[in-house]
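Structural description and commentary
Take a look at the letters that make up each chain.
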Amino acid sequence: MRETLVLNASFEPLATVSLRRAVVLVMQDKAVVEHAHPGLRIRAASVDVPVPRVIRLSRYVRVPFRRRASWSRRGVLVRDRHRCAYCGKRATTVDHVVPRSHGGGDTWLNTVASCAEDNHRKADRTPEQAGMRLLRRPFEPTPADALVSALGVSVRDMLPMGAPPVAL
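Worth saying up front: this structure is predicted, and the values here are computed from it rather than measured.

Next up on the list: the nonpolar core. Listed in full, the 10 residues of the largest apolar core are V6, L14, V17, A22, L25, V26, A31, V49, I55 and L57. When residues of this core are traced back to their parent elements, those giving at least two are β2 (13–18), α1 (19–27) and β4 (48–57). With 9 residues, the next largest nonpolar core counts C84, Y86, V97 and L134 among its residues.

Below is the structure:
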């Protein structure tokens, strides 16, 4: 099922919802479609709605401050754009820079996307011990960055021309 990005009334990324939920919010006039899939529409007897990629809530919703994006394997792959941090090929696994057996944890700064070959070659060693070099350093994305990159869209490209800048 397609995921839809939900923006607050102030154009801040809030969450992702299912396509069904997004259409319900639009039909109830709780949200407006900011960006739709080109050429795709949902049609019924009395309904004709574009398939939304990004919706914006009509009313501002106050949300508690989120300091950090929660870590996940999928999040690491998305952050690194499914590219191996060691060779640049397509990544399918997540590698711990400092192995878990050496005290390394499941954190944004200790994990990178890796192809299966490099993950196997590095094994239970640090990159220095394995004679491997990281092409880019791991970093911790902000909650908004993690949310937007998980959808594979650029919010700046989808906002209407008069929209205020989004702090990502």
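Below, the discussion takes up the sheet that holds strand β3 (residues 31–43). Here 4 strands make up an open sheet; going across it, the order is β2-β1-β4-β3 and the pairing mixed. Of all strands in the sheet, those bounded by a partner on one side alone are β2 and β3. Across the sheet, the axes of successive neighbouring strands diverge by a mean angle of 35 degrees, strand direction being ignored. Pairing analysis gives 8 bridges linking β3 to β4, with the strands arranged antiparallel. If you follow R41 over to β4, its bridge partner there is P50. Each of β1 (3–7), β2, β3 and β4 touches α1; the most contacted strand, β4, lies at about 90 degrees to it.

Another point: α1. If you check which residues of α1 are buried, you get L19, A22, V23, L25 and V26. Taken down its axis, α1 places every buried residue within 160 degrees of arc, on the same side. Packed against the buried residues of α1 are β1, β2, β3 and β4. Just past α1, the residue D29 takes up positive phi, approximately 60 degrees.

Rules of the game
Residues numbered from 1 in each chain as written. Predicted model: local features only at pLDDT ≥ 70, side-chain atom pairs only at ≥ 80, totals over all residues. Heavy atoms only, no water. Core = buried A, V, L, I, M, F, W, Y, C linked by side-chain atoms within 4.5 Å. Buried < 20%, exposed > 50% of the residue type's maximum accessible area, 1.4 Å probe, protein only. Helix = DSSP H or I, 4+ residues; strand = E, 2+ residues; numbered from the N terminus. Pairing = 2+ DSSP bridges. Axes fitted to C-alpha atoms, helices over the stretch in contact; angles between N-to-C directions. Contact = heavy atoms within 4.5 Å. Arc of directions from axis to C-beta.

These figures come from the coordinates and say nothing about function on their own.
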